[in-house]
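One letter stands for each residue in the lines below.
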Amino acid sequence: MDDPFDIQTSSDEEIEEQRQEWLRKKQNKKQEGKKSAYGSFVPQGDIGAQLTVEEIENFEGIVTGNYTPLAAAPSTDMGILLNSLKESGVKAGDEVKKPPSPTPPRTPTRRGLRESRRRSLVKQTPQDKGNAYASAYGGLEAVSAYGSIEGIQDGKKGAYGAYTVPDIVLKQRQELKRLTVQEKTSRIRYEKWCKEREEGDQSIFLDKDSKLDKKIGTDTTTDKTWWNKAFLDAQDLPESTPEQVLAKYRLLSKLSTDFIEIAKVYGRTVISEFFLNDKNQTVEKIGLGGVAGGKKYIVRGILFKLSVDPQIGRKDNPTYVYGGKHQSYEYAAKAAGHELKGAINMHKYYKKGICVPMQALVDFHGYRLVAMPLLPLKGGKLIYGSMDTGNSIHHDNSKFNQSMKEIAQDLHLAGHYVCDAEGVSHYIYAAGDVEGHIGSDGKYYLIDLARAFPPESIWETHHLHKKRQAVFFRMLRPEFLQWLKKNHRPNKPDEKFPALSCDALTRWGQGAQDAEEQNNRVREATTILVNKVIPEFAATFVQKTPRQLRDIQVSEELHRNGINVRHMGLVRFMITGTDDASVAAKRTLLISMVGRTLKNLLRREMRVEHDKHRNAQPSDHDSRAMVVDFLNLVTYANPEDDTTKDFWDETIPFGVMKRFGQVALTNVEKENLFSAVKEDVSKIVKYVVSTTGVQVHPGAMRTLERTGAGFEFVSVDLGALTVRVKHMSVIDYATAKVLSQEAYQGGVGQAGDRLLSLARRQFNRTLQSDPLNDVCKSEATITRLRIVARKFENRASLPGTEIRRKAQYFMLSDEKLFAAATVASRAEKQSVNESDDLANMIRAILTTWTGRRRGKQADLFRRCGGASSVAYVHRLIKFVESTRNRLLTLELCAFLATCKDASLIRHFHHFVKEIAAKDAKDIETQGIPPMEIKQTQNKPGEGKNAQQNVQIHIQEELVQRLLDKLIIKEKPSARMLVVISNLLGSTESPEFWMQAIKICKTLISTYGKDDFFRWYRGSPWNLIRSEAAGQLSDNEALCISHVIKELSPLAILDLRGLKIKKDRHVQEIAEACASLPDGTSFAELKSGHTLPVLKLRANELETVEFTQMMSHDVVWMFSLLRHNKSVQKVIIKHTELQLTECKAITHGLEGHSLRHFELRGCDVDDDELTVLCGALKNIGRLEVVKLPQNTFGNKAGKLLGQLHSITELDLSGNSKITDETAKAIAADCKALLALDMSQCTGLTDEGAKHIAKINGLRKLTLRECKGLTDAGIIAIAKGCPIEVLDVSSCAMVGDGAVRALATECKNLKDLSLHFCSNIHDSAVMKLAQSCKDSIRRLGLGHCVKLTDKSIAEIGSICKKLEALDISVCSKITDESINEVAKGCHALKELNLGICEKVTDQSLSAIAVNCTELEVLNIACCDKVTDEAITKLTACPNLRSLNLYSCKQVTGESVKEVGTKCSKLRHLDLFWCEGIKEDAIEALMKNCPECKIDR
C-alpha cells in the first residue's frame, strides 16, 4: 500500500495540519480498542475470524434465538457480534438475509488511489477522516458482550427488521465445507479443550478428583467435619471385587496421607508458637474442656491437642497429672502415645458400629501433638463414660453398651463398677474417662482412648521407679492381655485368667463394690508379667543369631510378646550367661536403652531451648547449635571437657536407671558406661537423630561410622529440624492393600516383584504398630510366600538353567503359592479377612501357570497347562469349589481348556455343564453322550489324533452351550465378558477366537482402551491350534487373520498343529501381519518357527536369523518386517525358497535400510534370484550379500553386478557359476572389499584375472577352486591389495603363486595354504622375509614338503605371528618349534597335530615363552608326556587343548591344567587311555564350563 500522506495539496502547512489530525484520531482509535491496561488491541476487521464450528454453522439460529449453543458462553468474537446486533436494535425473530453478491470493482490505478485519498481527506471532516482510515481495515463497529453486528458491506438493519450475515462468517462456512470429516472433528475437539481451559487453571486429573469427591460426598469449603465424613465414607465403600478393593484403599491412602501432611504443617506452627501470646499466635487456642487432654487448637477441620502435663490442685501446692510434684512432658507424651495405641486397637471394630477418628502424633522440638479430625458432636450427646472427671457417668444407650461389651470381651477387658460424685455405681467396660458419643450424623464415636487398657501395678514392678501417677501412663500391652486370655491362672490351673479393669488401681475405681477384686487381678497379672513372661522372653532372646540381633528392632520384639519397653532392663538382667550369645544379646539391649534415654534427653533440651524464646519463635540456628553440642557429648568429641565426663558418668547412667530400672546396668557400666557402648556410638547417634527429627548430612554420618567415637559435629553437618509423625496403622495397611492388589492385577516381571516387596514392607509397618491385627498377619504371610514363589520363578527363568533344575524350581514355587492359598483359605473360614484373598491367590496361581506356557519351557507344561504337576491342579480345583464363585469357576475353565490330562479334561466338562445348566436337575440332561472312536477308520498311527478330535468336538459343543446361557440369556457384566473371552481364547477353535474378538471390540467401544488393557493385563491370550486340527480351512484362515488384525489381548498365536497348503490362506494371514493395530500386545507367532512379532514391531531387533523355515513362515516373517525399521541383518539358512517366498521377501524389504542379507543353502535358482535382485538393488545402504550353497547360474549371477553399494559378497558352494559371473561382479561392484567364491568349481584363471580388476579387494576366499593355477593367483597378487587370502585345497597352486604374493602383497595378514602340497621351503622363506611385519596368521597344514628350515625362518623373523598351523607336516622336529617359541611370543594359536617328531622339549619351550597361548592342538603327538602338559599351566588364557591319542599323558597333568587354566572351555581326551574319571571330575570342579570329548 502507498503512503497515505503522499498527497498533492496546495501547501505544506495544510499537509502538516492534516497529518497531525490523523495521528490524533489514530491514537483515539487505539484507545477505543483497548479493554484494560493489560489488554491487546484487535483490528476491527479480524472480529468474527475466531468463531467456533458450532457458531459458524448455526449463526442465524443463535442470533434469532432459535438455536441454543452447547457451550455455556459464546466465544469472544461471537459475543462481540451479538452485542453489536443488540445495540443496532436487532432482536430475536428478525429476518436474516444473505448479502447480495457485490459487483466486482475495477482495479484502480496507483494514481486513481492517490487522488481518491486526497479528495476524501480534504473534503471530509476530521471525524470522517478517522472513520475513513478505520474502514481501510474492513472494520466492524461493535464492541460489547452480547450485541449487534454491522455488516462489512451492508450489515445495517433494514426497513423490515432484516440484517445481513457478515461476509467473514460466510467465508468461514466455505472453508468448513473443504475440511474432511476427520479434520472437522479434530477442530471441534480442540475448540472444546480450549473452552474448558478458559475457565482457569485446571489439572488434567480434575475429572478423576471430582468423581472421587462425589463418591465420598465431601465439601471442604463448608463442612468443618469433612475429614471425618470422608474417612467414614471411604471405609463404607464396598470391596466385593478386586477393582472395588483397589478403589477403596487408594482413597483411604489418599485421605490419610493428605491428613498427615496438613497435620505436619499446622502442627509445626502450633508448637513453634507455643510460648507466644494468644493474640500473636497464628492458630488460636480454644476451650473444649477436659484436663488430661492438654491445650487444644482447631485449624482446617483438624483438632490439635498439645500434650502437656496439666496442673491440678492448689496453686500454692501444685500437683501434675502425670509428673506428680514436677511437671513431666515426657510422661504426657507417653499418655498421648497410649491414646494413639487405643485408637489403633479400637479402629478394627468399625464393623460393630463404633467409629474411631483418624489420629496422628506430631513430634517437633521436643513437644507432641495429637491431631484428629473434628467430629460432628455439636448437637450430639454423650452416651458413655464421663467428660467431667467422674462427676457424672453415662451408659444409657443399650446398643452402644452391647458393642462395648463385645469389644471388651475380645480385648479381655473386664466390666467393672465406677462411682459418680453422688456415690452411685455404674457398670461400664471401658475406663471412666473414655467417652462415647452419638454424633449429629447418628453415628457412634469413641474418643479419649489414652486409658483404653489396664494400668500396670507399680507394687509388683520392683525394678522400676515407683511413681503413683504411673497408673496413667504405664499401661499393660494388648498383646499381654491376649496372652492372659489364652492361659490359666498359676494358682488355679483349671481357671482361665479373668479379664482386667481399665480403672483398677485408680481413683476412678475407688469406692466401687468390686474395686479390691479388680485391683488384685491387675496386681496378679503384673506379677505374671514379671515372673513368667519376661523370663521366658529373655531365654528366647539370647538364642538369636548375631545376624538376627543386627537386624532386630528390640521394641517391636518386646511388644510382640506383650512386654513394655520399660522392662528392657529387667530382660537384660535376666540374661545371666557369659557366652558369646549372651554377651551379644545384652549388648543389643544396652544400645537400645542408651539410645532411648538419649532421645528423651535431647527432647528435653529442645524444650528448654524453646522455653528460652518465650516472646518469639526459636530460630533454626539456635536449635541447631544446641543439637550440635548435644551430639558432640554423645560422641565424646571433647574427652577433656568436664561436661562430657559428667554427661556419660552421671546423666546417661542415671537416665537409663530411671527409665529402665537400676538392674538395667551392671556396677562396672554404672561407673564407665561409655566404654561399654563406645564401639556402637554410630548406631546410637543414628537412632537418636532418626527419632527426634534431626537431619544429619549423609557424608557426616558415613564419617562417623568410619571413625566412631571422638567424631566432632559442626553446624554444617545438620539441617533444620523436621516434624515426625506417628499415625494409625490403617494408613500403612491401606497402602499395603493397594500395592498388593496391583501386584495381583497383572504385576509381572521386575515391576511385580517390586510391588510385592513394597507391600510386604507396608504390612510389616502395620504390624509394628498393631501386632494383634490378624487380618494384616494373614496378608503379610501371603505376601511373603508370594515373594518366595516369585524368586523361584525367576531362578527357573534364568538362561542356562537345566530342565531338571527348572522343574524343581517350578515345583517349589507352586508349593509356596499353595501355602499362601491355604493361609488365605484358613483366614476366610475363620472370618479373619473379609477381602477375597483366596480368590486373588487362585487368580495369581492361574496367572503364574499361564505365564509358564508362554515361556521357552512351554512344551514341558502342555499336559498340566503350566502347573508343575497334575496334583497341584486338583488342589486348585478344590479351592475353587470351596469359593462357590461362578466367575472364578469360569476362569478355572479357561485354564483347564488348555490342559491335556484326561482327569483335568473331565473336570472341565463337569464345570462347563454345571454352569450352562439352568439348575442342578438339568446337569444330567445336559450331558453329552460318549462318542465311540472307530479305530478301523483311522490310518495307522492316527488313533491318538482321532481321539483328540473327539475331545475338541465335545469341548466346542460344551462351550457353545455355555455361551448361549451366559451371553444370550443373561446380561453379563464387563468382568464376566472378560472371563468369557478368556475362556473362548483357551479353546482350540478359531471360530471361538472370533467370538472373543467381538467381545473385545464391545468392551473397547463401551469402556475405552484404558480399562480394556487393565482388565486383560494379567491374562494375555495364548491361542493354540491343536496338532490334531489337520488342514486349515477357509473359514479358520479368515478367523485367524481377523484375530491378528483386531485389537485384543493376543500375546502368542501357536499354529504349529495346522497343515497350511493353500497359498490364499498364507496370504490372508500375511496381510493381517502387515496390518497390525496400534497398541497390540501380539508378541509371538509360532508355526515352524517362533516369529518375534512384538520385538519386530517395537524395533528392538537388529538381526533376524532362522534355519529350516517353512515356506509360510518366510512369507509371514517378511510381512512383519514391513512394520520394522531396526533390523540391519537378515539371515535365512537351509530353507527351500520358491518364487512365492522370494516375492514376499521383496515386499518385506521395501523401504528398508538393510545392511546384511544372507540366504545360505536356500536352493535359490535363476528366476528367484532375479526377483530378489530387483529388491536388493533398491536398498541404498546394503553392504553384505551372502548367497552360499545355492543353485543359480550365470544368467542371474550377472545381475549381482547391479548391487553397486555392497562391500562383501559370498557366492561359495555354487558349481553353476563360472568366469562370466566373476566378470560381471568385477565390472560393476567397485566398492567390493571381500569376495568368497570357494567351491565354485567353474572358476578358472580367466575369472581370477577379472577379479584382479577389483582394485579395492582386501579379502578373497577361493578354497577348493580346482581350476586355479599359479597364473590366476599371480594376476590377483598384482591387481589387488590383498590382506586375507585362502587358497586351501587348490592343488595346482605352487611356489610361483607364493613368491608373487611375497613380492606384491606387502600387507598380507592372513594366508591359508592348506593342502597345497607343491609348496617348498624356498617360497615360504621368501614369504616370511617379505611379510614379516604384517603376517598374523599362517596356515601351512598338510604342506608335506616343508621342513624345519622354512618353519625356523618363520619363527625367527615373524615376531607378530598370532596363529600358526603346521599340522601333518611330518618333517617338522623340535628344532624349528624351538625357534618359533623363541621368536613368536605373541602366538595365540598353534596346531601341531600329527607332527610325530615333536617332544616335551619344544612343547615346554612353547609353554614357557608363548604365555598368551589360547589354542593348542598336539593330537597324535605320541612323544609328549605329563612334563610338557604340566608346563602349560604357564598359559592362563588357554581355552582349547587337543590331546587326542596322546597316550603318555595321565590324569595328574590334566588336573594341574584344570587348576591353573580356569578359562579352559574345550578339552579333547579321545583315546587318552592314561586319564581316568577321577581326574576328569577334579578338572570339572575348577572348570565347570569346560566341554570334554572322550
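The rules behind the values
- Residues numbered from 1 in each chain as written.
- Predicted model: local features only at pLDDT ≥ 70, side-chain atom pairs only at ≥ 80, totals over all residues.
- Heavy atoms only, no water.
- Pairing = 2+ DSSP bridges.
- Helix = DSSP H or I, 4+ residues; strand = E, 2+ residues; numbered from the N terminus.
- Axes fitted to C-alpha atoms, helices over the stretch in contact; angles between N-to-C directions.
- Salt bridge = Lys/Arg side-chain N within 4 Å of Asp/Glu carboxyl O.
- Buried < 20%, exposed > 50% of the residue type's maximum accessible area, 1.4 Å probe, protein only.
- Patch = residues over 30% accessible without salt bridge, like charges linked within 9 Å, V, L, I, M, F, W, Y side chains within 5 Å.
- Areas by Shrake-Rupley, 256 points an atom, 1.4 Å probe, with all protein chains shown as cover.
- Lys, Arg positive; Asp, Glu negative; His and termini not counted.
- Charge placed at Lys NZ, Arg CZ, Asp CG, Glu CD.

Pairing within the open sheet is mixed, and its 4 strands lie in the order β21-β23-β25-β26. The open sheet has two edge strands with one neighbour each: β21 (1021-1024) and β26 (1090-1092). Strand-to-strand twist across the sheet, computed as the mean angle between neighbouring axes with direction ignored, equals 15 degrees. Pairing analysis gives 4 bridges linking β21 to strand β23 (residues 1050-1054), with the strands arranged parallel. Looking at β23, one finds that Trp1021 is bridged to Leu1050.

Within this structure, the stated rule accounts for 55 salt bridges. Glu1208 is paired through a salt bridge with Lys1186; the nearest N and O atoms lie 3.6 Å apart. With Glu1208 in strand β31 (residues 1208-1210) and Lys1186 in strand β30 (residues 1184-1186), this residue pair connects regions lying 22 residues apart in the sequence. On the basis of relative accessibility, which here comes to 26%, the residue Glu1208 falls in the partly exposed class. Judged by its relative accessible area of 18%, Lys1186 falls in the buried class. The shortest N-O distance in the salt bridge between Glu1283 and Lys1309 comes to 4.0 Å. On the criterion of sequence distance, the pair formed by Glu1283 in the loop between α48 (1270-1279) and β34 (1284-1286) and Lys1309 in the loop between α49 (1295-1304) and β35 (1310-1312) is long-range, its members being 26 residues apart.

Backbone geometry at Thr389 places phi at a positive 55 degrees, although glycine is not the residue there. Here Thr389 is to be found in the loop between β12 (381-385) and β13 (394-395). Phi is positive for His412, close to 65 degrees, though the residue is something other than glycine. When you line up the elements, His412 lands in the loop between α13 (398-411) and β14 (416-419).

A word on helix α10 (residues 226-236). The buried fraction of α10 is high, at 8 of 11 residues. Buried residues of α10: Trp226, Trp227, Asn228, Ala230, Phe231, Leu232, Ala234 and Gln235, and no others.

Attention now moves to a positive patch on the surface. Together, Arg760, Arg784, Lys791 and Arg795 make up a region of like positive charge exposed at the surface. With 3 residues, helix α28 (residues 774-796) is the largest single contributor of residues to the positive patch. Positionally, Arg760 belongs in helix α27 (residues 749-769). Take Arg760: its relative accessible area is 32%, and that puts it in the partly exposed class.

The subject of this paragraph is the environment of Arg268. In this structure, Arg268 sits in helix α11 (residues 242-272). Between the alpha carbons of Arg268 and Val362 there is a distance of 8.0 Å; along the sequence they are 94 residues apart.

Examined bridge by bridge, β12 and strand β16 (residues 435-438) share 3 bridges and lie antiparallel to one another. Bridge assignment links Tyr384 to a residue of β16, and that residue is Gly436. Sheet analysis places β16 next to strand β17 (residues 444-447), joined by 4 bridges and oriented antiparallel. Considered in β17, the bridge of Glu435 is made with Ile447.

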